[in-house]
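A closer look at the structure
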Amino acid sequence: MTREGVRRIAYKHPDWPFGLDRPYPYWEIARADVMETKPFLEFFQSHPIVGRGPDKAPRTTRSVS
């Protein structure tokens, strides 16, 4: 998952545990927002991501002419 995917989940998911009014605040390190690893992993274990993205067609092989 890209950082944009994490941003989308943080914005839309009501159970996201990070933020100002949430159980775990963001930290700032080297001008980047960071979060604790354990609650991050626990969130994704209890809310698994389904699917692999917009391209759902099976992969094809290229033919060499």
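An account of the accompanying structure is given in this report. (Residues numbered from 1 in each chain as written. Predicted model: local features only at pLDDT ≥ 70, side-chain atom pairs only at ≥ 80, totals over all residues. Heavy atoms only, no water.)

What follows deals with the packing of aromatic side chains. Counting across every chain of the model gives 8 aromatic pairs. Taken together, a centroid distance of 5.1 Å and an interplanar angle of 85 degrees make the contact between F43 and F44 edge-to-face. With a relative accessible area of 5%, F43 lands in the buried category. Cluster of aromatic residues (ring-pair linked, three or more members): W16, F18, Y24, Y26, F40, F43 and F44. (Phe/Tyr/Trp six-rings, centres within 6.5 Å; stacked < 30°, edge-to-face > 60°. Buried < 20%, exposed > 50% of the residue type's maximum accessible area, 1.4 Å probe, protein only.)

Following the criterion strictly, the structure yields 2 salt bridges and no others. A salt bridge links E4 to R7; the shortest N-O distance between them is 3.4 Å. Linking E4 with R7, this pair stays in helix α1 (residues 3-12), spanning 3 residues, or about one helical turn. Judged by its relative accessible area of 37%, E4 is partly exposed. (Salt bridge = Lys/Arg side-chain N within 4 Å of Asp/Glu carboxyl O. Helix = DSSP H or I, 4+ residues; strand = E, 2+ residues; numbered from the N terminus.)

In this model, the largest pocket occupies a volume close to 170 Å³. Around the largest pocket sit R3, V6, R7, A10, W16, Y26, D33 and M35, which together line it. Ranked by residue count, the leading element in the lining of the largest pocket is α1, at 4 residues. For the lining of the largest pocket, the class distribution of residues is 5 nonpolar, no polar and 3 charged. (1 Å grid on protein atoms, 1.4 Å probe; cavity = no way out; pocket = protein on both sides within 12 Å on 5 of 7 lines; lining within 4 Å. Points joined across faces, edges and corners; volume = space filled by probe spheres on them. Nonpolar A, V, L, I, M, F, W, Y, C, P; charged D, E, K, R; others polar.)

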